[in-house]
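The chain contents come next:
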Amino acid sequence: MANVVVIGAQWGDEGKGKVTDLLSRSADVVVRYQGGVNAGHTVVVKGQTFKLHLIPSGILYPDTKCIIGSGTVIDPAVLIEELDQIEALGISTKNLLISETAHVTMPYHRLIDKASEERRGNQKIGTTGRGIGPTYADKSERTGIRVLDLIEKEALQQQLNWTINYKNVILEKLYNLPPLDPTVVIEQYQAYAERLRPHVVDSSLKIYEAIEEKRNILFEGAQGTLLDLDHGTYPYVTSSNPVAGGACVGAGVGPTMIDRVIGVAKAYTTRVGEGPFPTELEGTLGELLCARGAEFGTTTGRRRRCGWFDSVIGRYAVRINGIDCLAITKLDVLDTLEEIKVCLAYEIDGERCDHFPSSSRKFSRCLPIYKTLPGWQQSTSECRTLEDLPSQALDYLKFLAELMAVPIALVSLGASREQTIIVEDPIHGPKRALLDSNHVPLIS
Ligand code: GDP
Ligand code: IMO
Ligand code: MG
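Remember, it's a predicted structure, so these values are computed and weren't measured experimentally. (Residues numbered from 1 in each chain as written. Chains lettered and ligands numbered in written order. Predicted model: local features only at pLDDT ≥ 70, side-chain atom pairs only at ≥ 80, totals over all residues. Heavy atoms only, no water.)

(A) Molecular detail of the overall build of the protein. When you go through the protein residue by residue, the secondary structure sums to 13 helices and 20 strands. Against the globule reference of 22 Å for 444 residues, the protein gives a C-alpha radius of gyration of 22 Å, in line with a compact fold. Over its C-alpha atoms, taken along the principal directions, the protein stretches across nearly 65 × 50 × 40 Å. Taking all 444 residues of the protein together, the buried fraction comes to 59%. Roughly 18400 Å² of accessible area belongs to the protein as shown, and the carbon and sulfur atoms make up 49% of that amount. Charged side chains of the protein number 47 positive and 55 negative; the gap between the two group centres comes to 2 Å. (Helix = DSSP H or I, 4+ residues; strand = E, 2+ residues; numbered from the N terminus. Rg over C-alpha atoms; globule rule 2.2 N^0.38 Å. Buried < 20%, exposed > 50% of the residue type's maximum accessible area, 1.4 Å probe, protein only. Areas by Shrake-Rupley, 256 points an atom, 1.4 Å probe, with all protein chains shown as cover. Lys, Arg positive; Asp, Glu negative; His and termini not counted. Charge placed at Lys NZ, Arg CZ, Asp CG, Glu CD.)

Below is the structure:
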């Protein structure tokens, strides 16, 4: 039995969907603990592609319970669309459970998200426009609608009548937008409630019961460490806590229940939206990574900015999340390169800096200090063991493991399940806390 958190160690889109799907084979329960439909997790199974926004990537296993936890924000229209799509493919969604205390994204959240981004002009964050920030803002402000309000007809009516009138003032007076009609929205959301009601549960109780039954639980993070509201590149972040600690709050479990943290990182770096990105490549190399990695957002279709692997943020992610082992994805994307660079540290205002600076202003002045490694210039997508890898690819992985001082347990070389090298069981392998500082990385 092991309860494992899977998190993104960069700026999202690290391949968490693929890794979660792989690890879900040995999970009884998969829990999404934060974020909303800003996430886009792609899973490829037997040539079929599944794009999931809210439903945990474990849904593709018939006996795995999937829980959308309390710390998430739920857009019912998108969730229902996702349910329909999955069911149309012959996959049952009966095992999907939705937390009654998750917050609900309303039409005014989306409108305000888009309007406020427009108003920010060149100060914009580059959000997904899915209403995520405004939904979490209402949660903090204590004007949010929770799933348990959604499914209680009268409570919903009462709450929405008040809230929509309040939000209409903002829409009309601040953003010059037409007001929403409360009757229309209430009717629409009551219909959503009917569809979702059978899935709604006290999710933290369900998770606790599974823990008591010694089930394997996998907590699936969305976004990534550098998009974390508290620990990311604020203000260019999302409005929730994707870091491993967020799993406890978002799922409603105590920290003593978590056994392991697995960090997912690409063999290079990408970022969508605005904000500093020291190792960004703007020329043909950036284009090449984008094309080879098909780096276009699952949710918005936006082009992802691409750059070299940054071990400063890698080490930061190890620290902030307490990562036990890493899953390195998309190594195959680097296959054609003659040389590959890795950022070791930064130079800020003429001084070397080995740590991620909390200030985004300072971060935007960071110049990467690189080490250049030789490329392997051959395909790795068919490799299934470390021995199959070209020596330069293995050296690259060893170098990353050394820089971050954590073992690499899994290497991904393509989007499908089988394009993976399992170096060491990521769930039951050695724990970081048990390794001494001179430990030999699993890739050695
Ligand atoms: P997530 O948000 O972290 O789940 O990541 P996304 O699904 O948004 O983005 C990762 C993309 O890369 C998806 O299209 C995956 O199918 C794809 N992918 C995952 N692992 C690999 C890999 O090892 N190699 C390649 N070429 N593609 C991968
Ligand atoms: P997954 O789970 C990559 C980014 C947006 C923007 C910032 C804030 O697929 O890794 P938001 O709409 O959340 O208020 O936008 O966060 N962002 C993501 N980037 N992957 C994601 O999710 C993201 N979810 C949000 O681009 O910069
Ligand atoms: Mg994604």
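Now, onward.
(B) Local environment of the UniProt feature "binding site: substrate" (unreviewed entry) in the protein. Annotation from UniProt places "binding site: substrate" (unreviewed entry) at Thr298, Thr299, Thr300, Gly301, Arg302, Arg303 and Arg304. Counting through the fold element by element, Thr299 comes out in the loop between α10 (284-292) and β13 (305-307). Contact partners of Thr299, with chain neighbours within four places excluded, come to Val37, Asn38, Ala39, Gly40, His53 and Arg130. Note that Arg302 resides in the loop between α10 and β13. (UniProt positions renumbered as here; feature names shortened; annotations may be inferred. Contact = heavy atoms within 4.5 Å.)

(C) Main features of the site of ligand 2. Near ligand 2, the surroundings consist of 20 residues, among which Asp13, Lys16, His41, Thr128 and Thr238 are the closest. Taking Asp13, its main chain carries an N or O atom lying 2.8 Å from an oxygen atom of ligand 2. Isolated, ligand 2 exposes 550 Å² of accessible area, and the fraction of that covered by the protein chains is 98%. Split by domain, the residues of the shell around ligand 2 number at least three in each of domain 1 (2-72 + 204-434) and domain 2 (103-198). (Near = heavy atom within 4 Å. Polar contact = N/O pair within 3.5 Å; in protein donor to acceptor, adjacent residues only side chain to side chain. Domains from an automatic or database assignment.)

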